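Read off the chains here:
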2 protein chains.
Amino acid sequence: MFRVLVYDVSQKKVYKVRRYLADKMFWVQNSTFEGYLTEEQKLVVMESLGKILDPEEDSIMIFSTESEYAWKKMILGVDKSCISYLLKYGGGEKDEEQEGN
Amino acid sequence: MFRVLVYDVSQKKVYKVRRYLADKMFWVQNSTFEGYLTEEQKLVVMESLGKILDPEEDSIMIFSTESEYAWKKMILGVDKSCISYLLKYGGGEKDEEQEGN
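The numbers attached to residues start from 1 for each chain and follow its sequence in the written order. For naming, the first written chain is A and the first written ligand is 1, with later ones following in the order written. Where totals are concerned, whole chains, interfaces and linings use all residues; where local detail is concerned, this predicted model gives features only for residues with pLDDT of at least 70, and gives and counts side-chain atom pairs only at 80 or more. By convention in this description, side-chain values take in all heavy atoms of the structure and omit both hydrogens and water.

Per an unreviewed UniProt entry, chain A goes by CRISPR-associated endoribonuclease Cas2 and derives from Thermovirga lienii. Under the UniProt heading Sequence similarities (unreviewed entry), the note attached to chain A is "Belongs to the CRISPR-associated endoribonuclease Cas2 protein family." A UniProt comment under Cofactor (unreviewed entry) is attached to chain A, and it reads "Mg(2+)". UniProt positions are given in the numbering used here, feature names are shortened, and annotations may be inferred rather than shown by experiment.

Here it is in structure tokens:
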């Protein structure tokens, strides 16, 4: 399923959460990741993040739909995901996994 | 349409963005609002936010689907929207508009 993950965590945990998610989903702007995760992958991600979070203070939401085409996405201002994409992939072709097949 | 709005703006603009959105969508956690907006309402929101943002530095994403049932939402940690909801509505019944009819 295609998923958007938004996190609201204390400052000292931001780096840990971002580093953990960096190779599992696609950073699109601060506090927001996108990407395809199977149900099993999602459960692993939630379990791992659960060990990082303070359940009383921190919050993570995952919105899931069958595919990224189930919703429309509109961006106002700068599209930070492009910048991070170039940093990560050096401007080459998006690899298969990111294409959301 | 049901919409999730996530914002990544400079610190000095956070208050303005949140105050503007407060009576148009539902705050669910830092950087994240949810709610039903018609196409016209969405355009008004984007135009107004466009006046607040620095297009070179700030970013707002709106994910839209036909209805909130088009996706599944999972929360890890504290559900901050409940806390804000109680503050806003004092724990009474959710009003019609928020129910997402």
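> Where do I start with the relation of the copies chain B and chain A in this structure?
Think of it as a corkscrew move, a rotation about one axis and a shift along it, taking one chain copy to the other. At an RMSD of 0.0 Å, chain B and chain A line up after a rotation of 180° and a shift of 0.0 Å along the axis. On this basis, the relationship between the two copies can be described by a two-fold rotation axis. What sets the superposition is a least-squares fit of C-alpha atoms, and only residues with pLDDT of at least 70 in both copies go into it.

> Please clarify how the interface of chain B and chain A should be interpreted in this entry.
As a measure of interface size, the accessible area lost when the parts come together is often cited. Counting residues at the interface gives 38 residues for chain B and 38 residues for chain A. Summed over both partners, the accessible surface that disappears when two parts come together, traced with a 1.4 Å probe, is what is meant by buried area. Summing both partners gives a buried area of about 3,200 Å² for chain B against chain A, and 60% of it is carried by carbon and sulfur. Put simply, a salt bridge is a Lys or Arg side-chain nitrogen that is within 4 Å of an Asp or Glu carboxyl oxygen. Counting the contacts that link chain B with chain A gives zero salt bridges. Polar contact criterion, stated in full: a pair of N or O atoms within 3.5 Å, where within protein one must be able to donate a hydrogen and the other to accept it, and residues adjacent in sequence count only if both atoms are side-chain atoms. In this structure, the connection of chain B to chain A is made through 18 residue pairs in polar contact (both at pLDDT 80 or more). In this text, helices come from DSSP runs of H or I with a minimum length of four residues, and strands from runs of E with a minimum of two, each type numbered from the N-terminal end. At seven residues, the largest contribution of residues to the side of chain B that touches chain A is made by strand 4 (residues 59–65) of chain B. Amino acids are sorted into nonpolar (Ala, Val, Leu, Ile, Met, Phe, Trp, Tyr, Cys and Pro), charged (Asp, Glu, Lys and Arg) and polar (every other residue, Gly among them). Partitioning the side of chain B that touches chain A into residue classes produces 19 nonpolar, nine polar and ten charged. Contacts are residue-level and defined by heavy atoms, with any inter-residue pair within 4.5 Å sufficient.

> Looking at this structure, how should I read the pattern of salt bridges?
Pairing between side chains of opposite charge can happen when their charged atoms approach one another. All names here are of chain A. Counted by the stated rule, this structure contains twelve salt bridges over all chains. Between glutamate 39 and arginine 3 there is a salt bridge, and its shortest N-O distance comes to 3.2 Å. Note that glutamate 39 is positioned in helix 2 (residues 39–52) and arginine 3 in strand 1 (residues 2–8), a separation of 36 residues in sequence. Each residue's exposure class comes from its accessible area (1.4 Å probe, protein chains only) as a fraction of the maximum for that residue type: buried when under 20%, exposed when over 50%, partly exposed otherwise. Judged by relative accessible area, glutamate 39 falls into the partly exposed class, the value being 37%. Linked by salt bridges that have partners in common, Arg3, Glu39 and Lys42 make up one network.

> Looking at this structure, I do not really get helix 2 (residues 39–52) of chain B. What am I missing?
Side chains that are three or four residues apart share a direction in an α-helix, a result of its 3.6 residues per turn. Helices are assigned an expected span. That span is 1.5 Å times one less than the residue count. For helix 2 of chain B, with 14 residues, the first-to-last C-alpha span of 20 Å sits near the 20 Å given by 1.5 Å per residue. Residues of helix 2 of chain B that are buried: Lys42, Val45, Met46, Ser48, Leu49 and Ile52 of chain B. Those residues of helix 2 of chain B that are buried lie in contact with strand 5 (72–77) of chain A together with strand 1 (2–8), helix 1 (11–21) and strand 4 of chain B.

> Even after reading the chapter, I still don't get unusual backbone geometry, so can you show me in this structure?
Glycine aside, residues mostly have negative phi, and peptide bonds are mostly found in the trans state. All names here are of chain A. Phi at serine 31 is positive, roughly 75°, even though this residue is not glycine. Tracing the backbone through its elements, the reader meets serine 31 in the loop between strand 2 (26–29) and strand 3 (32–36). Among the residues examined, serine 31 registers a relative accessible area of 13% and is labelled buried.

> Sorry if this is basic, but what is going on with the sheet that holds strand 3 of chain A here?
Backbone-to-backbone hydrogen bonds pair the strands of a sheet. The strands run either parallel or antiparallel. The pairing criterion for strands is at least two bridges between them, as found by DSSP. Here five strands make up an open sheet; going across it, the order is 2(A)-3(A)-1(A)-4(A)-5(B) and the pairing antiparallel. With one partner strand each, in any of the chains shown, strand 2 of chain A together with strand 5 (72–77) of chain B form the two edges of the open sheet. Within the sheet, the average angular offset between the axes of one strand and its neighbour, ignoring direction, is 25°. Relative to strand 5 of chain B, helix 2 of chain A is tilted by about 25°, and along the sheet it contacts strand 1, strand 3 and strand 4 (59–65) of chain A together with strand 5 of chain B. Where helices are involved, their axes are fitted lines through C-alpha atoms of the stretch in contact, as for all axes, and angles between N-to-C directions lie from 0 to 180°.

> What should I look at first to understand the UniProt feature "binding site: Mg(2+)" (unreviewed entry) in chain A in this one?
Per the UniProt record, "binding site: Mg(2+)" (unreviewed entry) is annotated on Asp8 of chain A. Overall, aspartate 8 of chain A belongs to the buried group, its relative accessible area being 7%.

> Which parts of the structure should I look at to understand the layout of surface pockets?
Any empty space left between atoms is shown by rolling a water-sized probe over those atoms. Cavity and pocket criteria rest on a 1 Å grid covering protein atoms alone: a 1.4 Å probe that fits but cannot get out defines a cavity, protein on both sides within 12 Å along at least 5 of 7 lines defines an open pocket, and an atom within 4 Å of a point defines a lining residue. Grid points are joined across faces, edges and corners, and a volume is the space filled by probe spheres set on the points. Of the volumes computed, that of the largest pocket is approximately 440 Å³. Asn30 and Ser31 of chain A together with Gln11, Asn30 and Ser31 of chain B are the residues nearest the centre of the largest pocket, which is lined by 18 residues in total. Every element with two or more residues in the lining of the largest pocket is listed here: strand 1 and helix 1 (11–21) of chain A together with strand 1 and helix 1 of chain B.

> Hey, could you run me through the sheet that holds strand 2 (residues 26–29) of chain B in this one?
A sheet is described by the order of its strands in space; here five strands give the open sequence 5(A)-4(B)-1(B)-3(B)-2(B), paired in antiparallel fashion. Looking along the sheet, the strands with just one partner apiece sit at the ends: strand 5 of chain A together with strand 2 of chain B. Mean inter-strand twist for the sheet, computed between neighbouring axes without regard to direction, equals 25°. The pairing of strand 1 of chain B with strand 3 (residues 32–36) of chain B spans five bridges and is antiparallel. Bridged to arginine 3 of chain B within strand 3 of chain B is glycine 35 of chain B. Seen against the sheet, helix 1 of chain B touches strand 1, strand 2 and strand 3 of chain B and runs at an angle of roughly 165° to strand 1 of chain B.

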